[in-house]
Amino acid sequence: MKSAVETLNPTRVRLTVEVPFEELKASLDAAYKKINQQVTVKGFRKGKIPARVIDQRFGRGAVLEEAVNDALPKLYTEAVNEAEVNPLGQPEVDITELKDGELLAFTAEVDIRPTIEIPDFSGIEVTVDAVEVTDEDVEKSVEQLRERFASTSPVERAAAEGDVVTLDLEAKVDGEVLPDGVADGVQYTIGSGELLEGIDEAVTGLEAGGEATFTSTLKGGSAEGKEAEVTVKVTQVAARELPELDDEFAQMASEFDTLDELKADSRKRLENMKQYDQATQAQERVLDELLKLVEVPIPEKLLEDEVNTRKHNLQHHQLGQMGLTLEKYLELQGKTVEEFDAETEEQAVKGIKTQFILDELVSREKLNVNQDELTEHLMRRAASSGMSPDQFAQAVVQGNQVPMLVGEVARGKALALVVESAKVVDTDGEPVVMDDDEDETAETVEASEDAEAKAEERTEA
């Protein structure tokens, strides 16, 4: 086999391949064998039909087509390896010559990873938000915990803001009650804004048994976006009572004996969370500066596929789960289709550039991923997806996505190298020491989540 490579542009090449016919013998034999299993010829046992009979009955062309289809993937792979290019996606193959008994010639055009030169990035400087936890932040955190332990008790008076009312609702559009427009026993905290616009004004001042009608735009259901006449009946008014902020509350709501200890823990958790946010901000800003330093040509087909994938995921997964159409989403965002398309393409370009640059750093710095790092990353991905580690691992293996996870870990290590070499200061002018220990970051977040989970358990108990 002879092959040559022609660079069409920085991200696309054309491979020209010529194959002497004798190199197709294995594929021709496989073609005859396959056709033998598929056809029947009177006078011959199945699978025992001579090649000359197959040529006479079904045509030599059918055999050649089958043989070429069998040989092309292997021949293409050999040509790619010989040319030392990194293909992206599927090639466009064109058979330029096929002479029976003599020669097979074809061309294959394919997008490739561009050659990237990464300059010295040690001069990158970024500014991030300072880590500051105020007394007000701590008080707010403790107050949120206090809200979880609030109790309610029925009262015989008019409903006021902050009360929990039990409601029966009926919605009509054009005088007709909607099929999904009736709900009984709905609990609602006045002032929370969690139900329909106008409901706070309607129920405030009503006692149990009171009824009111108001007009509101429906947020969901069969008549989403339409104006409806809503009748609401209050069946119960309950006052919310918050526990006293004292040592007894701290013992009930946490593992601490005193309120001061609870507040100190809240401050520490808030500091940890803000440090995590600061580290994330530093990574994002350092990456933005790195992207400015490196010229990266983008393969057109790859960009097109990435844009389409992002649009598909948004429409059919994210928006679908929220019950929104793309049109409704754009309306809520105040964006035109043109603005959305431009923004999606910009995000896709950034994502492709980021992957190319970090992959080049992984290769240049010879960064490897060990089993412990992969396992830790898998655990975090499982937690963020809401799946158990075993379920997530099984899905990854079945989807042949292990290389994808390895790539994510390796690119994370490459970005950490860049961040470590950058100068990071906070808004107070203080240098920020970046800790690239991913375990510690994960433990910080998990500790915060565990504390919240324990509070939830105590509330349910």
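Before reading further, recall that the structure is shown in the block above.
The shown structure was predicted, so the numbers you read here are calculated from the model rather than taken from an experiment.

A. Representation of a negative patch on the surface within the structure. Residues Glu 22, Glu 23, Glu 78 and Glu 82 make up a contiguous surface patch of negative charge. Among the structural elements, Glu 78 can be located in helix α3 (residues 60-83). Among the residues examined, Glu 78 registers a relative accessible area of 42% and is labelled partly exposed.

B. Molecular detail of the pattern of salt bridges. Enumeration according to the criterion identifies 30 salt bridges in this entry. The shortest N-O distance in the salt bridge between Asp 341 and Lys 311 comes to 2.9 Å. Taken together, the residues Asp 341 in helix α10 (residues 337-365) and Lys 311 in helix α8 (residues 300-322) connect sequence positions 30 residues apart. Judged by its relative accessible area of 22%, Lys 311 is partly exposed. Each of Glu 6, Arg 12, Arg 14, Glu 92, Glu 109 and Asp 111 takes part in one network of salt bridges that share partners.

C. Region of interest: the sheet that holds strand β4 (residues 103-112). Ordered in space as β1-β2-β4-β3, the 4 strands form an open sheet in which the pairing is antiparallel. In this open sheet, the two strands that pair with only one neighbour each are β1 (2-9) and β3 (87-99). Along the sheet, successive strands turn relative to each other by an average axial angle of 20 degrees, direction set aside. Summarising the sheet, β1 and strand β2 (residues 12-20) pair through 7 bridges and their orientation is antiparallel. Bridging across to β2, Thr 7 finds its partner in Val 13.

D. Representation of the pairing of strand β5 (residues 125-128). Here β5 shows a clear split, with Val 126 and Val 128 buried on one side and none of Glu 125 and Thr 127 buried on the other. The pairing of β5 with strand β11 (residues 423-426) spans 4 bridges and is parallel. Counted as the bridge partner of Glu 125 is Lys 423 from β11.

E. Up close: unusual backbone geometry. At Glu 84, a position not held by glycine, the phi torsion is positive, near 55 degrees. Note on placement: Glu 84 falls in the loop between α3 and β3. The phi torsion at Asp 174 lies on the positive side, around 55 degrees, for a residue other than glycine. With respect to the helices and strands, Asp 174 occurs in the loop between β7 (164-173) and β8 (176-189).

The rules behind these values
Sequence positions are assigned chain by chain, starting from 1 and proceeding in written order. In keeping with the model being predicted, local features are shown solely for residues with a pLDDT of at least 70 and side-chain atom pairs are shown and tallied solely at 80 or more, while totals for entire chains, interfaces and linings include all residues. With hydrogens and water stripped out, all remaining heavy atoms of the structure feed into the side-chain values. Only residues whose relative accessible area exceeds 30% and that form no salt bridge enter a patch; like-charged residues are grouped when within 9 Å of one another, and nonpolar side chains (Val, Leu, Ile, Met, Phe, Trp, Tyr) when within 5 Å. Note on areas: Shrake-Rupley, 1.4 Å probe, and residue coverage restricted to the protein chains presented here. Only one rule defines a salt bridge in this text: a Lys or Arg side-chain nitrogen within 4 Å of an Asp or Glu carboxyl oxygen. Under the counting rule used here, the positive set is Lys and Arg, the negative set is Asp and Glu, and His together with the chain ends is not counted. Each charge is placed at NZ for Lys, CZ for Arg, CG for Asp and CD for Glu. Going along the chain from the N terminus, every DSSP run of H or I of four or more residues is numbered as a helix, and every run of E of two or more is numbered as a strand. Each residue is placed in one exposure class: buried if its accessible area under a 1.4 Å probe, protein chains only, is under 20% of its type's maximum, exposed if it is over 50%, and partly exposed if it falls in between. Any two strands are treated as partners once DSSP identifies two or more bridges connecting them. Helix axes use the C-alpha atoms of the stretch in contact, all axes being lines fitted to C-alpha atoms, and the angles between their N-to-C directions lie in the range 0 to 180 degrees.

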